[in-house]
Amino acid sequence: FGGLNLIRVRDASGAWGAAIAPSGGTIGTSVNGNAAQYKGNLYSLGQGNSDLYAFDGAALTQITRATNLVDLNAIITGIDVLDGNLYYLWNRNFGLTGSSGTYLGKFDGTTWTPKYKTLLAETASNGNTYWLRAYRGALFAMVDLLAMNGVLKSPTDSLTGTWALLANSADATGLQQAVIF
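Residues numbered from 1 in each chain as written. Predicted model: local features only at pLDDT ≥ 70, side-chain atom pairs only at ≥ 80, totals over all residues. Heavy atoms only, no water.

**Considerations on the nonpolar core**
In terms of nonpolar packing, the biggest core is built from 17 residues, with Tyr43, Leu52, Ile76, Ile79, Tyr88 and Trp90 touching the most fellow members. When contributions to this core are tallied by element, the ones reaching two or more residues are strand E1 (35-38), strand E2 (41-45), strand E3 (52-55), strand E5 (74-82), strand E6 (85-92) and strand E7 (101-107). In this structure, Leu52 is in contact with Ser44, Leu45, Gly46, Thr61, Gln62, Ile63, Asn68, Ile76, Ile79 and Trp112, ignoring residues within four places of it in sequence. Grouped together as the second largest cluster of nonpolar side chains are 13 residues, Ala141, Val143, Leu152 and Trp163 included. (Core = buried A, V, L, I, M, F, W, Y, C linked by side-chain atoms within 4.5 Å. Buried < 20%, exposed > 50% of the residue type's maximum accessible area, 1.4 Å probe, protein only. Helix = DSSP H or I, 4+ residues; strand = E, 2+ residues; numbered from the N terminus. Contact = heavy atoms within 4.5 Å.)

**A look at the confidence of the model for the protein**
Here the protein shows a mean pLDDT of 78. Residues at 70 or above account for 71%. Confidence, expressed as mean pLDDT per element, reaches its minimum in the protein at helix H2 (residues 94-97) with 56 and its maximum at strand E8 (residues 112-118) with 93. (pLDDT = per-residue confidence, 0-100.)

**With respect to the environment of Leu72**
Turning to its location among the elements, Leu72 is positioned in the loop between helix H1 (65-68) and E5. Note on Leu72: relative accessible area 49%, which makes it partly exposed.

**Brief notes about the environment of Gly150**
Relative to the elements of secondary structure, Gly150 occurs in strand E11 (residues 148-153). By relative accessible area, Gly150 is classed as buried at 0%. Separated by 21 residues in the primary sequence, Gly150 and Thr129 have C-alpha atoms spaced 9.7 Å apart.

**A word on the pairing of E3**
Side chains Leu52 and Ala54 of E3 all project onto a buried face; the interleaved residues Tyr53 and Phe55 project onto the opposite face, where all are buried too. In terms of strand pairing, E2 meets E3 through four bridges, oriented antiparallel. Bridging from a neighbouring strand, Ser44 pairs with Tyr53 of E3. Relative to strand E4 (residues 60-63), E3 is paired through four bridges, and the arrangement is antiparallel. When the sheet's bridge partners are listed, Ala54 is paired in E4 with Thr61. Connecting E3 to the antiparallel partner E4 that follows it, the hairpin turn spans four residues, and Gly57 within it adopts a positive phi of roughly 105°. (Pairing = 2+ DSSP bridges.)

**Thoughts on the sheet that holds E3**
Spatially, the four strands line up as an open sheet ordered E1-E2-E3-E4, and their pairing is antiparallel. Pairing within the sheet leaves two strands with one partner each, and these edge strands are E1 and E4. Mean inter-strand twist for the sheet, computed between neighbouring axes without regard to direction, equals 25°. (Axes fitted to C-alpha atoms, helices over the stretch in contact; angles between N-to-C directions.)

**Looking at unusual backbone geometry**
Phi is positive for Asp83, which is not a glycine, with a value near 50°. Checked against the element boundaries, Asp83 lands in the loop between E5 and E6. Judged by relative accessible area, Asp83 falls into the exposed class, the value being 66%. With phi around 50°, Arg136 is a residue other than glycine that occupies positive phi space. Looking at where Arg136 falls in the secondary structure, it is placed in the loop between strand E9 (128-135) and strand E10 (138-145). Judged by its relative accessible area of 70%, Arg136 falls in the exposed class.

**Let's talk about the packing of aromatic side chains**
Where two aromatic rings form a pair, the distance of their centres and the angle of their planes describe that pair. What the rule picks out here adds up to eight aromatic pairs. With a centroid separation of 6.0 Å and an interplanar angle of 65°, the aromatic rings of Tyr38 and Phe107 are classed as edge-to-face. Of this pair, Tyr38 sits in strand E1 while Phe107 sits in strand E7, and the two are 69 residues apart along the sequence. Like Tyr38, the residue Phe107 is buried in the burial classification. Between Tyr135 and Phe140 the ring centres are 6.2 Å apart and the planes differ by 55°, which places this aromatic pair in the tilted class. Classification of Tyr135 as partly exposed rests on a relative accessible area of 34%. (Phe/Tyr/Trp six-rings, centres within 6.5 Å; stacked < 30°, edge-to-face > 60°.)

Have a look at this one:
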């Protein structure tokens, strides 16, 4: 990703091609690593909103909330792939909607399920998420729980089960990214 509304592809010789703009909306820069390869497409987040984008190697297509079914005024904060599905974290914006909520959405290649897992209990109904990573059969999410911050870990046997809060500290505010290598 070359910046707002730009994606550039590098060919086998190492030369960068011309920038490709999306079909609509504003694609964000992937500074926190929120991009995932899934079923031949590269998916990325919109710029601070409820849109996703899919790049198939030629076209950059906007996936609006009319398709991904997240709530009005929601913000998608992270995406990753686990067990053949694309998962996405999103938050309902309290200031805009009058209620908050954090959810895990699921895309199986055909159907978008925006509230596959409700993370209200795990985030005390008022947390925000900042990234999502798949690692060793589980999903991990950085959350802001107002007074405390931490990392949530999904169960490995069922993503709809209760997620565990691993790191819970007021000092976790600087935790902006997790990199798996």
